[in-house]
Every structure is written in C-alpha cells, then in structure tokens.
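So the chains spell out like this:
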Amino acid sequence: MRTVDPAKHRARRQHIVNAATGLFATKGFERTTTAEICKAAGISAGNLFHYFPNKRAIFLAVFEEDAEKAERLARAQSGDDPWAALLETVDVLAAPAMEPPAPHLVMEAMVQAYRDPGLDALLSRDSADEHAAIAALLTKAAAAGQIDPDLDPDGTASWVLALIASLYTSAATDSSFKPAEQLPTLHLILRRFLRGERHDPRDRSTARGSRQTPAPAPAPAPAPAPASDPAAGSDGH
C-alpha cells in the first residue's frame, strides 16, 4: 500500500486552490467548471477528486484560515503600542486587496454566501474574529490615551472594517481604483477620525493623486491572502 506524504498532499491541495482562484475571480463560482480547474492545475479529474470532493469544497478552501495572516494578526495584538498595532492590523486585512484576484473573489463570496449556509458561517466567523481584534486594540488605545476615549470600540471597529471593505469593493467595481495608492489616505482618515489630528499641509502630498472615492459598501467577506504555490507535484497518487 502506498503511503501519502502529508506535506506533499497539502502542497498539491494548495496548488489546486491557487489554480482555481483565478478562475473563480474572473468567471465566478457558477460559471467555473471542474474541467477548467483540472486544466489550469494540470491534473486529471480523478486526481482532482482525490483532493476535493467537489467544486464547492475548492471554493471554501480559498477562504479557509490563512496561517500567515493569523500569525501576523496575533503578533500585532501582542504589541506594546496599541495604535501601531491597530495600523498594522489594518494593513494585514487590507493587503489582499492589492492583489488583482482578491477584490473579485470577495464580491463573489458575498453572492455565494447568500446561497450557501456553510460558506456564510465560515465568513461570519472570520468577520467576527477581525471585528473582535480591532475592537480590542481600540479599547487598549483608548486606555493608553492614544485615541478619543468617547468612541465606542464595537461601533468604531465596524466603521474601520467598512473602510477596509471599501478598498475591495471599489477595486472590484472600478478598474482605475488602486488600493495600494489609497492605503496612505486610509491611514490619514483613521488618524483624523480616531485621534482627532488637525490638518497638516504636509498631508496633501499623501492624499494628492489619490482622488478616487471608494465606493461605500457593506463589509465584504474576509479576503484570502495571496497564497504561495509550494508545489505542483504528486504525493504519490
């Protein structure tokens, strides 16, 4: 009996997910076929179903917990400076928006979540975790005198997440919108909103050239971080 190398098995699964991600982002879940995923991954249908029982399982895997993201969020939470940790957390959550597939994947996930209770539950857990992390940092920052203490942490966390969400929704609906160019403006908005910082003429250089207005939208599904493709080789099957 041939044994399965767990590392190679995980790498092969990730390779399939990476191949499917681009298809889901450009064609959507419904219009993407397993045959197209097999072609993109360079595997047979029989091999595909050894790793995933169906197309839905592959789509869910795109949004499953990302270890690197979780590690960065935990590191930010343990920092000594709550304000710096909050900005780092914002950057971690915004980072996938800089990658072309992510905004469209987020929009597709929002659509599919209405039809798929399992996906909705997965995304809701991720959103709740992100909300709790930001609210905790806001509480610490208020206690340290770094932000306005009159702000309600839970309500403010929702607004912070809505601003981050706008990077995704705007990038998905406006091809001229560049999230990376808008991130400094997002930081500026947070400083003004949370810390009540006065206008500094030097800030004009930050916002100049970033005159695109993010489209307001409800907080989207947590985005998958850009995944590395550790291997495309077989694990013995």
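Quick caveat: nothing in here was measured; it's all calculated off a predicted structure.

1. Describing the pattern of salt bridges
Evaluated as defined, the whole model comprises five salt bridges. Arg56 is the partner of Asp116 in a salt bridge, and the nearest nitrogen-oxygen pair spans 2.7 Å. You can see Asp116 sitting in the loop between α7 (101-113) and α8 (117-143) and its partner Arg56 sitting in helix α4 (residues 55-62), a full 60 residues away along the chain. Its relative accessible area of 13% is what places Asp116 among the buried residues. Judged by its relative accessible area of 35%, Arg56 is partly exposed. Lys69 is paired through a salt bridge with Glu130; the nearest N and O atoms lie 2.7 Å apart. Here Glu130 lies in helix α8 and Lys69 lies in helix α5 (residues 67-77), a separation of 61 residues in the sequence. In terms of burial, Lys69 and Glu130 fall into one category: buried.

2. Remarks on a nonpolar patch on the surface
A grouping of Trp159, Ile189 and Phe193 is seen on the molecular surface, where their side chains present a nonpolar patch of about 320 Å² in accessible area. Inspection of the secondary structure puts Ile189 in helix α10 (residues 179-195).

3. As for the packing of α7 against α8
Two numbers describe how α7 lies on α8: the axes approach to 8 Å, and their chain directions differ by 125 degrees. Taken together, α7 and α8 sit at an angle that is classed as oblique. Along the contact surface, α7 presents Ala109, Gln112 and Ala113, while α8 presents Leu119, Asp120 and Leu123. Within the contact of α7 with α8, the residues separate by chemical class into four nonpolar, one polar and one charged.

4. A word on the nonpolar core
Where a protein is soluble and globular, its nonpolar side chains tend to be buried together. Ile134, Ile164 and Leu190 are the most contacted members of the largest nonpolar core, which has 30 residues in total. Elements that contribute at least two residues to this core include exactly α6 (82-94), α7, α8, α9 (153-173) and α10. No other element matches the eight residues that α6 contributes to this core. Ignoring any residue separated from it by four or fewer positions in sequence, one finds Ile164 in contact with Val90, Leu93, Ala94 and Leu186.

5. Details of α6
A rise of 1.5 Å per residue sets the reference length of α6, with its 13 residues, at 18 Å; its end C-alpha atoms lie 18 Å apart and thus fit the reference within 8%. Across the 13 residues of α6, ten count as buried, placing the element largely inside the fold. Within α6 the residues assigned to the buried category are Pro82, Trp83, Ala85, Leu86, Leu87, Thr89, Val90, Val92, Leu93 and Ala94. Two or three places before Trp83, at the start of α6, stands the capping residue Asp81, its side-chain oxygen 3.1 Å from that residue's backbone nitrogen.

6. Some details on the side chain of Glu108
You can see Glu108 is positioned in helix α7. For the buried residue Glu108, which engages in no salt bridge, the nearest side chain bearing the opposite charge is Arg115, 5.9 Å off. At 2.9 Å, the side chain of Glu108 and the backbone nitrogen of Phe29 are in polar contact. Beyond its immediate chain neighbours, meaning those up to four positions away, Glu108 contacts Phe24, Gly28, Phe29, Glu30 and Phe59.

7. Notes on the packing of helix α1 (residues 6-27) against helix α2 (residues 34-41)
Following both chains from N to C, one finds α1 and α2 inclined at 125 degrees, their axes separated by 9 Å at the closest point. Accordingly, the angle class assigned to the pair α1 and α2 is oblique. When the axes of α1 and α2 are compared, the crossing they make is right-handed. Residue-level contacts link His15, Ile16, Ala19, Ala20, Leu23, Phe24 and Lys27 of α1 to Glu36, Ile37, Ala40 and Ala41 of α2. Taken together, the residues that form the contact of α1 with α2 break down as eight nonpolar, one polar and two charged.

8. Regarding the packing of aromatic side chains
Applying the stated criterion across every chain yields a total of four aromatic pairs. Both rings, one in Phe24 and one in Phe59, keep their centres 5.0 Å apart while their planes meet at 90 degrees; by these two values the pair is edge-to-face. Note that Phe24 is positioned in helix α1 and Phe59 in helix α4, a separation of 35 residues in sequence. The exposure classification of Phe24 matches that of Phe59, with both residues buried. On the numbers, 5.2 Å between centres and 55 degrees between planes, the contact of Phe29 with Phe59 is tilted. Residue Phe29 is located in the loop between α1 and α2, and its partner Phe59 is located in helix α4; the two are separated by 30 residues in the primary sequence. Here the two residues Phe29 and Phe59 agree in accessibility, since each one is buried. Taken together, the ring pairs connect Phe24, Phe29, Phe59 and Phe63 into an aromatic cluster. Of note, Lys55 hangs over the ring of Phe29, and the distance from its end group to the ring centre comes to 4.5 Å.

Calculation rules
Each residue is numbered by its place in its chain's sequence as written, counting from 1. Selection of residues for local features in this predicted model requires a pLDDT of at least 70, selection of side-chain atom pairs for listing and counting requires 80 or more, and totals for whole chains, interfaces and linings are taken over all residues. Based on all heavy atoms of the structure, the side-chain values leave hydrogens and waters out of the count. We define a salt bridge as a contact between a side-chain nitrogen of Lys or Arg and a carboxyl oxygen of Asp or Glu at a distance within 4 Å. Here a helix means four or more residues in a row that DSSP labels H or I, a strand means two or more in a row labelled E, and each is numbered from the N terminus. Think of it in three bands: residues with accessible area under 20% of the maximum for their type are buried, residues over 50% are exposed, and the middle band is partly exposed, with areas taken using a 1.4 Å probe on protein chains only. The patches described consist of residues with a relative accessible area above 30% and no salt bridge, like charges being joined within 9 Å and nonpolar side chains (Val, Leu, Ile, Met, Phe, Trp, Tyr) within 5 Å. Accessible areas in this description were obtained via Shrake-Rupley with a 1.4 Å probe; residue shielding takes into account the shown protein chains only. Working convention: axes come from line fits to C-alpha atoms, limited for helices to the stretch in contact. Angles between N-to-C directions cover 0 to 180 degrees. Convention used here: angles under 35 degrees read as roughly parallel, angles over 145 as roughly antiparallel, angles from 65 to 115 as roughly perpendicular, and any remaining angle as oblique. Any two residues whose heavy atoms approach within 4.5 Å at even a single point are treated as in contact. Think of it as three bins: nonpolar holds Ala, Val, Leu, Ile, Met, Phe, Trp, Tyr, Cys and Pro, charged holds Asp, Glu, Lys and Arg, and polar takes everything else, Gly as well. Only buried Ala, Val, Leu, Ile, Met, Phe, Trp, Tyr and Cys residues count toward a nonpolar core, and they belong to the same one when joined by side-chain atoms within 4.5 Å. Expected span of a helix: the number of residues minus one, times 1.5 Å. As used in this structure description, the phrase polar contact means that two N or O atoms lie within 3.5 Å; if the pair is within protein, one of them must be able to donate a hydrogen and the other to accept it, and residues adjacent in sequence are counted only when both atoms belong to side chains. Neither His nor the chain ends contribute to the count of charged residues, in which Lys and Arg are positive and Asp and Glu negative. Two helices cross in a left-handed way if the nearer one is turned anticlockwise from the farther one by less than a right angle. They cross in a right-handed way if the turn is clockwise. Working definition: a ring pair exists when centres of Phe, Tyr or Trp rings (six-membered ring for Trp) sit within 6.5 Å. Plane angles under 30 degrees give stacked, over 60 give edge-to-face, the rest tilted. Either the NZ atom of lysine or the CZ atom of arginine qualifies as a charge over a ring when it sits within 6 Å of the ring centre and within 35 degrees of the ring normal.

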